[in-house]
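What follows is the residue order along each chain.
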Amino acid sequence: MKKYILFGLLVFGVVNSYAQKSGTQPNIVLLFVDDYGWADIGYRNSSFETPNLDQLKKESLDFQRAYIPTPTCSPSRLSLLTGKEAVRLQMVRHIALDPKNPDAKYAMWKTDPVQMPSLNYLPLDETTYAEKIKEYGYYNHFIGKWHLGHTGRYPIDQGFDSEFGVTDAGHPKSYYYPFFKPSEDPKGFMKGFKKGDYLTDVLTDGAVDFISGYNKKQPFMLTFWYYSVHGPSVGRKDLLKKYQDRGITGKYADHHAMVEAMDESVGRVRKALKEKGIEDNTVIILLSDQGGAYTNAPLRGGKKGGDTLAEGGARVPFMIKYPGITKANTESFVPVQSIDVFPTVVEIASGKKYKNKNIQGVSLMPLLKGESIKDRNLFGFRSYEDQYTSIIRGDWKIIKYHSGKYQMYNVKTDPSELHDLIGTGLKMEKKLKRDLAKWEKKAVPAFGLYQLKE
């Protein structure tokens, strides 16, 4: 038996080595922006200047209907990393570490109407995309916001080979140095920086340095999770003045400046790939972790306010550029979710069709190639307010509340969700309610401590 295993490993090594040398294994750059609203991009809203994102859209497949299963900081990261709906792993809110008990498994939320416990860290035994693609020879580098656990549960403990900018914090106290409280920075990331340094620029410097200095023979995946444009809204001063001069007031001006600084970062990363001579063999994936904290018009709802499962809170920007595979300046209106990134990345890395019954995501490679995927239900979950589950199938969507209320929309004809179709006699209403109830019984009661209200 050992001989067969050894032979298999040798064959894998030969095939993998050939794939790297022949250039069939592309590098992968994943840019994950925090609280970046679907409409906060130049080609959708001209008040924002995002020339680099607008250009990336022209070169990519742009998913017009991409969603986050649990549109909240930590759960969105768990889903992206594992391909799983976060509710199934018992993480339904952002982690809330207790300094007196940092290893506490669960945290509660005082205003949660059903007092559901939420997991305080990503379990180390969960398989991340970094761990999976390492099997295919990839080097994994992580930059930025983690928010999935404290020291001992950092990216380097979950399959990443190196990390930069990682702290215990879910957001900085300021985007100008000093960025974090000393207690939030146990590994001393802030050392070496000075007054006047801007966090987005510092992290981007790290990304550019990694790309330009990379000298390993194996392909790499760069995972860059921005702290921006999460609050506090502190725009870079030169950009802030520009928007203030245009008459944009208050923190919304800061938000515009932060979006443009993030856009500059995207441009600098792409420039580094070009100067390294690897842009034609690098996949770029860009998406957000949830809807924005400001207006998400024309979409309804957002990060806060009890309407996060509406389109403005759950729908996010999502683009993929895969040289030689995706057709430039194309759009897909197929509903997809961030859980699909895991199997897509693994298929890109392995060059083989990827299926895994232990995850809920599906590979988007058929869509990247201009083909189709099977129709399916996409589920949403929220654990802060009355609004708590949703289901999407094709053009149709239902949102359910703890109080017993339902809402139903055709989000193709009514993306602003202004016309509630519940009770109008549509057959789809019965089907979606039935499918949602089945999913709840399977996914939500995994908590044990929580009894789903009928």
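Residues numbered from 1 in each chain as written. Predicted model: local features only at pLDDT ≥ 70, side-chain atom pairs only at ≥ 80, totals over all residues. Heavy atoms only, no water.

Identification of the protein chain as Sulfatase from Wenyingzhuangia fucanilytica is taken from an unreviewed UniProt entry. The UniProt entry for the protein chain carries the following text under Cofactor (unreviewed entry): "Ca(2+)". (UniProt positions renumbered as here; feature names shortened; annotations may be inferred.)

Student: Just to check I follow, could you spell out unusual backbone geometry for this structure?
Tutor: Across the chain, the bulk of peptide bonds are trans and the bulk of non-glycine residues have phi less than zero. Between serine 228 and valine 229 the backbone carries a cis peptide bond, its omega angle lying at 10 degrees. Within the secondary structure, valine 229 is located in the loop between β8 (220–225) and α6 (237–245). Glycine 231 connects to proline 232 through a cis peptide bond whose omega is 5 degrees. Mapping proline 232 onto the fold places it in the loop between β8 and α6. Backbone geometry at glutamine 115 places phi at a positive 50 degrees, although glycine is not the residue there. Residue glutamine 115 is classed as partly exposed on the basis of its relative accessible area of 36%. (Helix = DSSP H or I, 4+ residues; strand = E, 2+ residues; numbered from the N terminus. Buried < 20%, exposed > 50% of the residue type's maximum accessible area, 1.4 Å probe, protein only.)

Student: Just checking my understanding: could you explain the domain arrangement of the protein chain for this structure?
Tutor: Reports often express the size of an interface as the amount of accessible area lost when the parts come together. Taken domain by domain, the protein chain holds domain 1 (27–370) and domain 2 (382–443). Distance between the C-alpha centres of domain 1 and domain 2: 27 Å. Counting residues at the interface gives 28 residues for domain 1 and 25 residues for domain 2. Carbon and sulfur atoms make up 50% of the area that domain 1 and domain 2 hide from each other, which totals about 2,200 Å². The interface formed by domain 1 and domain 2 includes two salt bridges. (Domains from an automatic or database assignment. Contact = heavy atoms within 4.5 Å. Buried area = accessible area lost by both parts, 1.4 Å probe. Salt bridge = Lys/Arg side-chain N within 4 Å of Asp/Glu carboxyl O.)

Student: What should I look at first to understand the sheet that holds strand β13 (residues 336–337) in this one?
Tutor: Sheet strands pair by backbone hydrogen bonding; their relative direction is either parallel or antiparallel. The strand order across the open sheet formed by three strands is β10-β3-β13, and the pairing between neighbours is mixed. Lying at the two open borders of the sheet, with one neighbouring strand each, are β10 (315–316) and β13. Bridge count between strand β3 (residues 66–67) and β10: two bridges; the pairing is antiparallel. Across the sheet, residue tyrosine 67 finds its bridge partner in β10, namely arginine 315. (Pairing = 2+ DSSP bridges.)

Student: So what exactly am I meant to see when it comes to helix α2 (residues 51–59) here?
Tutor: Since the α-helix turns once every 3.6 residues, residues separated by three or four places project in the same direction. Residues of α2 that are buried include every one of Leu53, Asp54, Leu56 and Lys57, and no others. Along the axis of α2, the buried positions cluster into a sector of 160 degrees, meaning they face one direction only. Its buried side turned inward, α2 meets β2 (61–63), α7 (250–276), β9 (282–288), β11 (318–321) and β12 (330–332). (Arc of directions from axis to C-beta.)

Student: I would appreciate a short explanation of the pattern of salt bridges in the present structure.
Tutor: Side chains carrying opposite charge are able to pair once their charged atoms draw close together. Per the counting criterion, the structure on display carries 34 salt bridges. Here arginine 236 and aspartate 201 are joined by a salt bridge, their closest N and O atoms 3.4 Å apart. With arginine 236 in the loop between β8 and α6 and aspartate 201 in helix α5 (residues 199–213), this pair connects stretches of sequence that are 35 residues apart. The exposure class assigned to arginine 236 is buried, which follows from its relative accessible area of 11%. On the accessibility criterion, aspartate 201 (22% relative accessible area) is partly exposed. With a closest N to O distance of 3.1 Å, lysine 397 and glutamate 417 form a salt bridge.

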